[in-house]
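For reference, the chains in residue letters:
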Amino acid sequence: MPKAGILGTGSHLPDRVLTNFDLEKMVDTTDEWIRVRTGIRERRIASPEEASSDLAYHAARRALEAAKVAPEDLELIIVATITPDSAFPSTANILQDRLGAKRAAAFDLAAACSGFLYAVAAAAQFIEAGAYRHVLVVGAETLSKIVDWEDRSTCVLFGDGAGAVVMGPVEQGGLHAFALGSDGSGGCLLELPAGGSRRPASHETVDQRLHYLKMNGREVFKFAVRIMNEASEAVLAKTGLDKGALDFLVPHQANLRIIESARERLGLPPEKVVVNLDRYGNMSTASIPVALDEAVRAGKIKAGDRVLLVGFGAGLTWGAAIVEWSYTHQAIVAEPPSATRSAEGARTEGVR
Ligand code: UT7
């Protein structure tokens, strides 16, 4: 049976930067509160015209270039997102058309911030069963569109972005194991109450601001600290590896204190943990693939490195995977990734 691995990575961030100082002018908050409680300094915000599929498209193109795979060679596209362009058609369908991936099946996957890990695990099943050779997995979000910009307890946390990987059979390395889980009893801790079949959009739901994300931050925090540890232990147990065998941790980027707790329990030094939430905030499904792409392109994560990916999110859901990296990235395209472009010219006074 072939092993599924990652053949190339890509990411894309919108140009507009919203700093903590910008937020001070919008809600009753301070740069210090946000930095100390979360580790976030700034985040990217999509323009009114930009949808998740637009960010996904650019991330996907970069991943395909890195993997040297043509869109026509894709057989499946999975987009993990909680901010699809619309309920249907799926964002994966929109992406499939725009990429010209004419042979690819396509679907969206909803597992909130754990969505990218669920999608990687799903893609691996198709590849290892021999059903598909090239699968594109994308995490893409425009969370700025569902955040209540009058609610200081949530609006300071989230950002927009997309990350992508091309997966296929590999001879070296690959996905060693994954561990996924869910606890639907905690669904009310983080939700978008209206706009679905339970509470369809109405004047009343709009007046009550029910189309915006609601979160019990304190409870999600406690769950996150516990589950990051349990999911990491579970996936390590599946591989039989000791935590000392890990080269990198790429965690979901929700809060630096949650990441620090995971790092300490794994006994990893700070330089082995990939962190980008200071620049991008929490991008839900996009956080892990964007962090991965930046670390791979920077030459940090190289062939042979064992990488632990671990995340949690609404649902409640969680997931962890251990991937042995199959290649060392060679710069292919001349221009720098949008993620590393100078943001100075793009700073914004507000999002509305
Ligand atoms: O992707 C998964 C989704 N989300 C998460 O993982 C989030 C997990 N939770 C967290 O990261 C943290 O719980 C938060 C960062 C959301 C909040 O940090 P906290 O240390 O748990 O703060 P808290 O909710 O206990 O609030 C402390 C105080 C409250 O005031 P009082 O009641 O003590 O007077 C809040 O009203 O901070 C206040 N507060 C703020 N103050 C300034 C809440 N938000 C803000 C704000 N600026 N933006």
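Rules used in this analysis
Residues numbered from 1 in each chain as written. Predicted model: local features only at pLDDT ≥ 70, side-chain atom pairs only at ≥ 80, totals over all residues. Heavy atoms only, no water. Axes fitted to C-alpha atoms, helices over the stretch in contact; angles between N-to-C directions. Helix = DSSP H or I, 4+ residues; strand = E, 2+ residues; numbered from the N terminus. Left-handed = near helix turned anticlockwise from the far one by under 90°. Contact = heavy atoms within 4.5 Å. Pairing = 2+ DSSP bridges. Near = heavy atom within 4 Å. Polar contact = N/O pair within 3.5 Å; in protein donor to acceptor, adjacent residues only side chain to side chain. Areas by Shrake-Rupley, 256 points an atom, 1.4 Å probe, with all protein chains shown as cover. Domains from an automatic or database assignment.

(A) Representation of the packing of helix H8 (residues 217-239) against helix H9 (residues 256-266) within the structure. In contact at an axis separation of 9 Å, H8 and H9 are set at 35° when each is read in the N-to-C sense. Crossing handedness for the pair H8 and H9: right-handed. In contact with Phe221, Ala224, Val225, Met228, Asn229, Ser232 and Leu236 of H8, H9 contributes Arg257, Ile258, Ser261, Ala262, Arg265 and Leu266.

(B) Up close: the sheet that holds strand S4 (residues 76-80). Taken in spatial order, the five strands line up as S1-S7-S6-S4-S5 in an open sheet, and their pairing is mixed. The strands lining the two open edges of the sheet, one partner per strand, are strand S1 (3-12) and strand S5 (105-109). Taken pair by pair, the neighbouring strands of this sheet meet at an average axis angle of 20°, ignoring direction. Bridge count between S4 and strand S6 (residues 135-142): five bridges; the pairing is parallel. Looking at S6, one finds that Ile77 is bridged to Leu136. Lying over the sheet, helix H3 (residues 52-67) contacts S1, S6 and strand S7 (160-170), oriented at roughly 125° with respect to S1.

(C) How the structure looks around the site of the ligand. Surrounding the ligand, one finds 22 residues, the nearest of these being Thr29, Arg37, Arg218, Asn255 and Asn282. Here a nitrogen atom of the ligand and a side-chain polar atom of Thr29 are 2.7 Å apart. One nitrogen or oxygen atom from the main chain of Gly217 is found 3.0 Å from a nitrogen atom belonging to the ligand. For the ligand, the protein covers 76% of the area, taking 950 Å² as the surface of the free molecule. Of all the secondary-structure elements, those providing two or more residues to the shell around the ligand are helix H2 (31-38), helix H6 (152-155) and H8. Here the shell around the ligand gets four residues from one element, more than from any other, and that element is H8. Counting residues domain by domain, the shell around the ligand receives three or more from each of domain 1 (3-172) and domain 2 (176-324).

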